[in-house]
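Report on the structure
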Amino acid sequence: MVLKNSINNIRERDYSFDFIKIIATIFIIFYHYQQVLGIYFENGINFFNGKFYFGYVVELFFVLSGLFMYSYIEKIQKGVTFPKFYLKRLGRLFPLLTVGAISYEILQVIYQHVYQSSWFGTTTTFWGTIISAFGIQDGWALPNPCVNNPTWYISVLMLCYVIFYFLVYIAKRLDLKVQYLFVFMIFLGMGINTYGINLPFLNASSCRGYYAFFFGLLLAEFLEKHDVGKVDAIISAIMIMVITLLIIFKYDFMALGINYIMTFIYYPALILLCRSKSVSKILNRKIIGKLGRISFDSFIWHVPLFLVMYICIKVFNWNLKLDSYVIMICYAAFCYIVGTISYYIIERPTAKLVDKKLKEI
């Protein structure tokens, strides 16, 4: 994960962002583990159906994605074409999305054969596989076919990339500060969410990307111009502790606008804290960077692997105590093992190929 510092024009990997991405990915895996398996822990943290809706962790993904796009503002202003910009993103995601979607559909068929029933009442569709593979399954102008459903985040992210490019392009042509257009997108997303608008490109899924992704871009500009000092770290730590305690003990007080509190206050505080010298020094480990790289692959595969687990339980007569924190943690670890294999076999070779082809354009 790279954040550009235009002051010294250096690109370097920031392991603090990798650490945040790893934790967020694990939380999402835990969330879907409890959701899919219908598990509720009487004592302990419930990532699904608990007080706090851990689905809002996706907003953190959007904020980070906007953060990493900030350096492309200058590239677009200097003439990077839309096909080159968008195809680089799609080219890297398309193979993994395609393999994930097709695998999910095949596993659904196997599940139906083994259990003589459908997986959560869903059906396999060729059209659903196509739009999922191209990253347009949700948030655009089509109904979500629920093929490897967590990839709806990628679908909305691809839409945000399109809007981001053209906002920067338009701002350049009209000699406007593009940051004003980013602010407009944030309020547009909040308005869609507030008034329950459900139109093509203006709906419950896309709005989460709008207000979080474009806020991430503004946060990136702040980080570029502001060195995170001890005072920032202390204030951020206090804010994180206060909000966390209020969520645990006074959730009714926090419930209204909790998604905005997390997006505009909690996550920025977390990012600032992890960016501080004392914390970033602790997180400056290559293993964190490696796990950060494979988090996306782990995210893509964590739902298809539920099907694999259920099929194996039936076929091999496994007796697993699924309502266990230990099994849940082991499942997350297995997702990262599969994600590692996927990263080295699919994602990294594809990224190199895409970069090579784009240089020829």
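Keep in mind that what you see is a predicted model, and the values were worked out from it rather than measured. Each chain has its residues counted from 1, running along the sequence as written. Per-residue local features of the predicted model are confined to residues with pLDDT of at least 70, and side-chain atom pairs are confined, for both listing and counting, to 80 or more; whole-chain, interface and lining totals are unaffected and use all residues. Only hydrogens and water are set aside; all other atoms, that is, all heavy atoms of the structure, feed into the side-chain values.

Patch definition: residues with relative accessible area over 30% and no salt bridge; like charges joined within 9 Å; nonpolar side chains (Val, Leu, Ile, Met, Phe, Trp, Tyr) joined within 5 Å. Throughout, the Shrake-Rupley method with a 1.4 Å probe supplies accessible areas, and for residues the shown protein chains are the sole cover considered. Salt bridges, as used here, are contacts in which a Lys or Arg side-chain nitrogen is within 4 Å of a carboxyl oxygen on Asp or Glu. Under the convention used here, Asp and Glu are negative, Lys and Arg are positive, and both His and the chain ends fall outside the count. Charged side chains are reduced to one point each, which is NZ for Lys, CZ for Arg, CG for Asp and CD for Glu. A cluster of basic residues, Lys 286, Lys 290, Arg 293, Arg 348 and Lys 352, forms a positive patch on the protein surface. Where helices and strands are cited, they refer to DSSP runs of H or I of at least four residues and of E of at least two residues respectively, numbered from the N terminus. When contributions to the positive patch are tallied by element, the ones reaching two or more residues are helix H13 (286-301) and helix H15 (325-360). For the positive patch, the leading source of residues is H13, giving three residues.

Looking now at a nonpolar patch on the surface. Residues Phe 166, Tyr 169, Ile 170, Leu 174 and Leu 176 make up a contiguous nonpolar surface patch of about 460 Å² in total accessible area. Within the element layout of this structure, Leu 176 appears in the loop between helix H6 (152-174) and helix H7 (178-195).

Now for the packing of helix H8 (residues 204-225) against helix H11 (residues 258-275). Note on definitions: angles span 0 to 180 degrees between N-to-C directions of axes, and those axes are lines fitted to C-alpha atoms, for helices only across the stretch in contact. Running from N to C, H8 and H11 point in directions that differ by 35°, and their axes come no closer than 11 Å. The handedness of the crossing between H8 and H11 is right-handed. From H8, Tyr 211, Ala 212, Phe 215, Leu 219, Phe 222 and Leu 223 reach across to H11, where they touch Asn 259, Tyr 260, Thr 263, Phe 264, Pro 268, Ile 271, Leu 272 and Arg 275. Each helix crossing is assigned a hand: it is left-handed if the near helix lies turned anticlockwise from the far helix by less than a right angle, otherwise right-handed if that turn is clockwise. Contacts were defined at the residue level, with two residues in contact if any of their heavy atoms lie within 4.5 Å.

A helix is expected to span 1.5 Å multiplied by its residue count minus one. Look at H8: 33 Å from first C-alpha to last across 22 residues, which is about the 32 Å you get at 1.5 Å a residue. Burial status follows relative accessibility: with a 1.4 Å probe on protein chains alone, a residue under 20% of its type maximum counts as buried, one over 50% as exposed, and anything between as partly exposed. Within H8, 18 of the 22 residues are buried, leaving the element largely enclosed by the surrounding structure.

The set of buried Ala, Val, Leu, Ile, Met, Phe, Trp, Tyr and Cys residues whose side-chain atoms join them within 4.5 Å is what this entry labels a nonpolar core. Phe 164, Phe 213 and Phe 214 are the most contacted members of the largest nonpolar core, which has 117 residues in total. Looking at this core element by element, the count peaks at 16 residues for H6. When sequence neighbours within four positions are dropped, the list of residues in contact with Phe 213 reads Phe 62, Ser 65, Gly 66, Met 69, Leu 157, Cys 160, Tyr 161 and Phe 164.

What follows covers the confidence of the model for the protein. For every residue, the predictor reports its confidence as pLDDT, a number between 0 and 100. On average, residues of the protein score 93 in pLDDT, and 96% of them are at 70 or above. No element of the protein has a lower mean pLDDT than helix H12 (residues 277-283), at 91, and none a higher one than H7, at 98. Ignoring residues within four places in sequence, the model shows residues 1-11, a span with pLDDT below 50, making 30 contacts including any to other chains.

The next thing to look at is the pattern of salt bridges. Tallying each qualifying case throughout the model produces five salt bridges. The closest approach of N and O atoms between Lys 321 and Asp 323, which form a salt bridge, is 3.5 Å. Accessibility expressed as a relative area gives 43% for Asp 323, which makes it partly exposed.

Right, let's get into the environment of Glu 105. Following the sequence through the fold, Glu 105 ends up in helix H4 (residues 82-115). What makes Glu 105 buried here is its relative accessible area of 8%. Taking C-alpha positions, Glu 105 is 8.5 Å from Thr 123, a pair spaced 18 residues apart along the chain. Not counting residues up to four positions away in its chain, the partners in contact with Glu 105 are Thr 123, Thr 124, Thr 125, Thr 129 and Val 147.

Describing two packed helices takes the angle between their axes plus the distance from one axis to the other. Two elements in contact, helix H1 (residues 15-37) and helix H2 (residues 57-69), have axes whose closest approach is 9 Å; the angle formed by their N-to-C orientations is 150°. The angle between the axes of H1 and H2 places the two elements in the roughly antiparallel class. Remark: the crossing between H1 and H2 carries left-handed chirality. Seen from H1, the contacting residues are Phe 17, Ile 20, Lys 21, Ala 24, Thr 25, Phe 27 and Ile 28; seen from H2, they are Val 57, Val 58, Leu 60, Phe 61, Leu 64, Leu 67 and Phe 68. The nonpolar class holds Ala, Val, Leu, Ile, Met, Phe, Trp, Tyr, Cys and Pro. Asp, Glu, Lys and Arg form the charged class, and all remaining residues, Gly among them, are polar. Here the residues of the contact of H1 with H2 are counted per class, giving 12 nonpolar, one polar and one charged. Every angle not falling under 35 degrees, over 145, or within 65 to 115 is termed oblique; those three ranges are roughly parallel, roughly antiparallel and roughly perpendicular.

In this fold, Ser 155 is placed in helix H6. Engagement of the side chain of Ser 155 in a polar contact is seen with the backbone oxygen of Asp 138, the distance being 2.6 Å. Beyond its immediate chain neighbours, meaning those up to four positions away, Ser 155 contacts Gly 135, Ile 136, Gln 137, Asp 138 and Trp 140. In protein, a polar contact requires one atom able to donate a hydrogen and another able to accept it; more generally it is a pair of N or O atoms within 3.5 Å, and residues adjacent in sequence count only if both atoms are side-chain atoms.

Next up on the list: the packing of aromatic side chains. A pair of Phe, Tyr and Trp rings is counted when the ring centres sit within 6.5 Å of each other, with Trp represented by its six-membered ring. The angle between the planes then sorts it: under 30 degrees is stacked, over 60 is edge-to-face, the rest tilted. In this structure the tally under the stated criterion is 47 aromatic pairs. Judged by centre distance (4.9 Å) and plane angle (35°), the rings of Phe 82 and Phe 166 are tilted. You can see Phe 82 sitting in helix H4 and its partner Phe 166 sitting in helix H6, a full 84 residues away along the chain. Phe 82 sits in the partly exposed class, given a relative accessible area of 23%. Three or more aromatic residues joined by ring pairs form one cluster here, namely Tyr 72, Phe 82, Phe 85, Tyr 86, Tyr 161, Phe 164, Tyr 165, Phe 166, Tyr 169, Phe 182, Phe 213 and Phe 214. Positioned above the aromatic ring of Phe 85 is the side chain of Arg 89, whose terminal nitrogen or guanidinium carbon lies 4.6 Å from the ring centre. Charges are assigned to positions over rings by a cutoff of 6 Å between ring centre and Lys NZ or Arg CZ, combined with an angular limit of 35 degrees from the ring normal. Here Arg 89 stacks its cationic end above the ring of Tyr 161, 5.8 Å away from the centre of that ring.

What follows is about the environment of Leu 283. For Leu 283, the position within the fold is in helix H12. According to the relative accessible area criterion, Leu 283 is buried, its value standing at 8%. Along the backbone, Leu 283 and Ser 16 are 267 residues apart, and their C-alpha atoms lie at a distance of 5.9 Å. In this view, Leu 283 contacts Tyr 15, Ser 16, Phe 19, Cys 274 and Ile 288; residues no more than four positions away in its chain are not counted.

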